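Remarks on the overall topology
The residues making up each chain are set out below.
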Amino acid sequence: MSYPKDFLLNLYKTMVRIRNFEIMAEKLFLEGELPGFIHLYIGEEAIATGVIADLRKDDFITSTHRGHGHMIAKGANINRMMAELYGRTTGYCKGKGGSMHIADFSIGVLGANGVVGGGLPIAVGAGLGIKMKKTDQVVVAFFGDGASNTGAFHESLNFASIYKLPVIFVVENNKFASTATTKETTSIENISDRAVGYGIPGITIDGNDVITIYETAKEMIKRAREDGGPSLIEAKTYRIKGHFVGDPELYRDKKEVEEFWLNEPIRKFEKKLVEEKMLNETEKRKIWEDAQKEIEEAVTFAKESPVPNNEDALTDLFVNDSGYDY
Amino acid sequence: MREITFAEALGEAISEEMEKDPTIFTYGEDIAKQGGIFGAYKSLLGKFPERIFDTPISEEVIYGSALGAALVGMRPIVEFHFADFLFTGIQSITLQIEKIRYMTGGQGKLHLLLRGPDGISNSAAAQHSESIETIFMHTPGIKVIIPSTPYDIKGLIKTALKGDDPVICFEHKMLYKIKGLVPEEEYTIPLGVADIKKEGNDVTIVTMSHMVHESLKAAEELEKEDICAEVIDLRTLVPWDKNKVIESVKKTNHLVVAHETWKRAGWGAEITSVVQEEALDYLDAPIIRVGAKNVPMPFAPQLQDFVTPNYKDIIDAVKKVLR
Ligand SMILES: Cc1ncc(C[n+]2csc(CCOP(=O)(O)OP(=O)(O)O)c2C)c(N)n1
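Note that this is a predicted model, so its numbers are computed, not measured.

1. Concerning the overall build of chain B
What chain B contains, in helices and strands, is 11 helices and 14 strands. The C-alpha atoms of chain B give a radius of gyration of 19 Å, which matches the 20 Å a tight globule of 323 residues would have. Per-residue burial for chain B yields a buried fraction of 60% across its 323 residues. Put simply, of all contacts in chain B between residues at least 6 apart along the chain, 82% involve residues at least 24 apart. For chain B, the computed accessible surface area is about 12,400 Å², with 52% contributed by carbon and sulfur atoms.

Shown next as structure tokens:
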């Protein structure tokens, strides 16, 4: 790993911040503090971190129902994220969206999405807009293996390919789509093979190795920026937690989950960093403590924030009028 | 009679018909291994392993394949997972299932059933809370059933599975766990026959699904003020029991229509319009509709409560028509 220590530690920090956000979200949900559904990104942190490390601030991403990690990696404000999970007015969506609809257009996050595959056409559209405007921005669409079975996936890849749009499709293959295994719902071993059908590069990589992810993404991002067109990256990982917090997980063996814990991306990267003397115990402890403190402060911020007023439900549909009362 | 839950009654209807009819099979997302996200198929877990299976997330083909399977003689039951996701495969229903028999001059029998949850639950927000039954009343070609009790769902699902036309069934998420009396003997409920859930003389409340329970609660409160409401559960939207509604209006001379879906152009508008076309002379006051405020469903619990109609809104509406 011939990268500067700062760069490597930043990757590590981002992963640790995502992990701690998720640990807290899980705890709060189980305590009955948070309404709605929560889908955790635990064990998949390397993907958002590695890919987004090579994005610019003015690049775009689309995300999914499992979107906290993408948001944090793209530079979202943790206080506003937590406030949204609580449904408070200071949240990213003023309490109107919740976990599954977090977005910050100002930092290029075009939204989490409650509809599987829903983000892909949006990413394609952003790519189309960039192409029309002739800038060198790019778009990354994150989505799950389950989403690669939707019509939206196939239509999006073809569309992006024929117009040579600057879109990097990143499929996070975590071996499950809710209760279904990828094996039983997908006809091929590597989802990246589907790229062949659309004449774009497709590559399968270890989704738990942040450096490999970074390097692969960097190459595909460069290609897209230089008008080389779209590509499909499949990052293979494992969904360590249930589909949502509270999932009874009747569909898998707990032993399998334990095995995958041993290969989780933070521990894996940490080992490398320690081996290469880029990270010592004191630094490590500080990074974790800082992250925990940041999240705890976010919880305090969220809890102290006001709950919305009834009338707030009737705003934001259209720009200049309320839109609800006719 | 014994008490069972709404989900158990659904499971019984499906399982009894599957025993009898080998052409019935059922598929969709997350049903076979975990019994459905809201437990609709819990009582079917482990039964009919060859005939209950999970699919990829491919809605257009999940719904559309039901049509193909019906045309070759099978009776598919397709779970749509969340009513919201019907929109991701809607052409299979509105452009294919609803039209193919008519377009081909009456060829084929589309004995298929699409079923799944709709409505609000605990802050599921804008893309997981919708009730979109009105769309299937507006676009001709599919029968629409929306049961509110364990008794009704069992009888209606049985009728759907014995019939030869496409049926879509909406099951409100908050109903799966409610209990009710269901006979052990075989029975069916015909489509198009409303059920008077409570008799009354002062005002008619026409409703369906979870709002039946809100309406009954409203009626109970209104009794305290000597207002006697009649609560009519349509049970099926296509066809809907116009006669029973008009009969009731002739008796009470006042009508409120209550549904959870948006007030604007919700099915209440259709009922209202037909009643004023055919029974205006019997009405003593304008008909009032109760429905959700015309915005997508917000996430925060306070906002969800504000947007969603409940028994208090029904009480207000009743008082307004009686004023
Ligand atoms: C169109 C649509 N169908 C079904 C669902 C319900 N659902 C939510 S997440 C999910 C599984 C998604 O699997 P995948 O895309 O692999 O993402 P993962 O959850 O594994 O991250 C399903 C079926 C949905 N949200 N949208």
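2. Things to note about the nonpolar core
The biggest cluster of nonpolar side chains holds 66 residues, and the ones touching the most others in it are Met82, Ile168 and Phe269 of chain A. Tallying contributions element by element places helix H1 (residues 5-30) of chain A first for this core, with 12 residues. Sequence-distant contacts of Ile168 of chain A, that is, excluding residues within four places in its chain, are made with Val138, Val139, Val140, Ala141, Met220, Ile221, Ala224, Ser231 and Ile233 of chain A. Core analysis: the second largest hydrophobic core is formed by 50 residues, Leu67, Leu112, Ile142 and Ile287 of chain B among them.

3. Remarks on the site of the ligand
In the vicinity of the ligand lie 21 residues, with His65, Arg66, Gly146 and Phe176 of chain A together with Glu59 of chain B positioned nearest. The residues that come close to the ligand belong to more than one chain, namely chains A and B. Separating an oxygen atom of the ligand from a side-chain N or O atom of Arg66 of chain A is a distance of 2.7 Å. One nitrogen or oxygen atom from the main chain of Phe176 of chain A is found 2.8 Å from an oxygen atom belonging to the ligand. Protein chains shield 96% of the accessible area of the ligand, which is 580 Å² for the free molecule. Class assignment of the residues belonging to the shell around the ligand gives a composition of seven nonpolar, 10 polar and four charged.

4. Considering the domain arrangement of chain B
Residue and element names in this part refer to chain B. With domains assigned, chain B is organised as domain 1 (2-182) and domain 2 (195-322). A straight line from the C-alpha centre of domain 1 to that of domain 2 covers 26 Å. The interface of domain 1 with domain 2 comprises 29 residues on the first partner and 27 residues on the second. Summed over both sides, the interface of domain 1 with domain 2 buries roughly 2,200 Å², with 61% coming from carbon and sulfur. Together, Ser123, Met137 and Ile146 form the three largest contributors to the area buried by domain 1 at its contact with domain 2, with a combined 26%. Counting every contact that joins domain 1 to domain 2 gives two salt bridges. A salt bridge links Lys197 to Asp152; its shortest N-O distance comes to 2.7 Å. Connecting domain 1 to domain 2 are 16 residue pairs in polar contact (both at pLDDT 80 or more).

5. A short note on the pairing of strand S10 (residues 203-207) of chain B
Residues and elements named next belong to chain B. Taken across its five residues, S10 has five buried, putting it largely inside the fold. Every second residue of S10 is oriented toward a common face, with Val203, Ile205 and Thr207 on one face and Thr204 and Val206 on the other, all of them buried. Strand direction decides the pairing type here: S10 and strand S11 (residues 229-233), joined by five bridges, are parallel. By the bridge assignment, Thr207 is partnered in S11 with Asp233. Traced from S10 through helix H7 (residues 210-223) to S11, the parallel crossover comes out right-handed. One ladder, built from four bridges, connects S10 with strand S13 (residues 255-262); its direction is parallel.

6. Brief notes about the interface of chain B and chain A
Facing the 33 residues of chain B at the interface are 45 residues of chain A. When chain B packs against chain A, the two sides together hide about 3,000 Å² of surface, and 64% of this comes from carbon and sulfur. The salt bridge involving Glu184 of chain A is made with Lys33 of chain B; its shortest N-O contact spans 2.4 Å. Between chain B and chain A we count 13 residue pairs in polar contact (both at pLDDT 80 or more) in total. Here the side of chain B that touches chain A is composed, by residue class, of 18 nonpolar, 10 polar and five charged.

7. Thoughts on the sheet that holds S13 of chain B
Residues and elements named next belong to chain B. Overall, mixed pairing links the five strands, which are arranged S9-S11-S10-S13-S14 in an open sheet. The open sheet has two edge strands, strand S9 (195-198) and strand S14 (288-292), and neither has a second partner. Between one strand axis and the next, the sheet turns by 25° as a mean value, whatever way the strands run. Across the sheet, helix H11 (residues 311-322) touches S10, S13 and S14, and the angle it forms with S14 is around 165°.

8. What about the packing of aromatic side chains?
Residue and element names in this part refer to chain A. In the structure shown here, the tally under the stated rule is 19 aromatic pairs over all chains. Ring centres of Phe37 and Phe244 lie 6.4 Å apart, and the angle between their planes is 65°; this geometry places the pair in the edge-to-face category. With Phe37 in the loop between H1 and helix H2 (45-52) and Phe244 in the loop between strand S7 (231-236) and helix H9 (254-261), this pair connects stretches of sequence that are 207 residues apart. What makes Phe244 buried here is its relative accessible area of 18%.

9. Considerations on a nonpolar patch on the surface
Residue and element names in this part refer to chain A. On the surface, Leu128, Met132, Phe159, Ile162 and Tyr163 cluster together into a nonpolar patch covering about 510 Å² of accessible area. Those elements that provide at least two residues to the nonpolar patch are helix H5 (119-133) and helix H6 (151-162). Mapped onto the fold, Leu128 is located in helix H5.

10. Remarks on helix H10 (residues 265-275) of chain A
All names here are of chain A. Buried residues of H10: Pro265, Ile266, Phe269, Glu270 and Leu273, and no others. Burial along H10 is one-sided: seen end-on, the buried residues are contained in an arc of 125°. What points out from H10, more than 90 degrees from its buried face, is the exposed set Lys271 and Glu275. The secondary structure elements touched by the buried residues of H10 are H1, H2, helix H8 (210-225) and helix H11 (281-304). The opening residue of H10, the one whose side-chain oxygen lies 2.9 Å from the backbone nitrogen of Ile266, is Glu264. Lys277 lies just past H10 and shows a positive phi near 55°.

The rules behind these values
Residues numbered from 1 in each chain as written. Chains lettered and ligands numbered in written order. Predicted model: local features only at pLDDT ≥ 70, side-chain atom pairs only at ≥ 80, totals over all residues. Heavy atoms only, no water. Helix = DSSP H or I, 4+ residues; strand = E, 2+ residues; numbered from the N terminus. Rg over C-alpha atoms; globule rule 2.2 N^0.38 Å. Buried < 20%, exposed > 50% of the residue type's maximum accessible area, 1.4 Å probe, protein only. Contact = heavy atoms within 4.5 Å. Areas by Shrake-Rupley, 256 points an atom, 1.4 Å probe, with all protein chains shown as cover. Core = buried A, V, L, I, M, F, W, Y, C linked by side-chain atoms within 4.5 Å. Near = heavy atom within 4 Å. Polar contact = N/O pair within 3.5 Å; in protein donor to acceptor, adjacent residues only side chain to side chain. Nonpolar A, V, L, I, M, F, W, Y, C, P; charged D, E, K, R; others polar. Domains from an automatic or database assignment. Buried area = accessible area lost by both parts, 1.4 Å probe. Salt bridge = Lys/Arg side-chain N within 4 Å of Asp/Glu carboxyl O. Pairing = 2+ DSSP bridges. Right-handed = clockwise from strand over helix to strand, strands pointing away. Axes fitted to C-alpha atoms, helices over the stretch in contact; angles between N-to-C directions. Phe/Tyr/Trp six-rings, centres within 6.5 Å; stacked < 30°, edge-to-face > 60°. Patch = residues over 30% accessible without salt bridge, like charges linked within 9 Å, V, L, I, M, F, W, Y side chains within 5 Å. Arc of directions from axis to C-beta.

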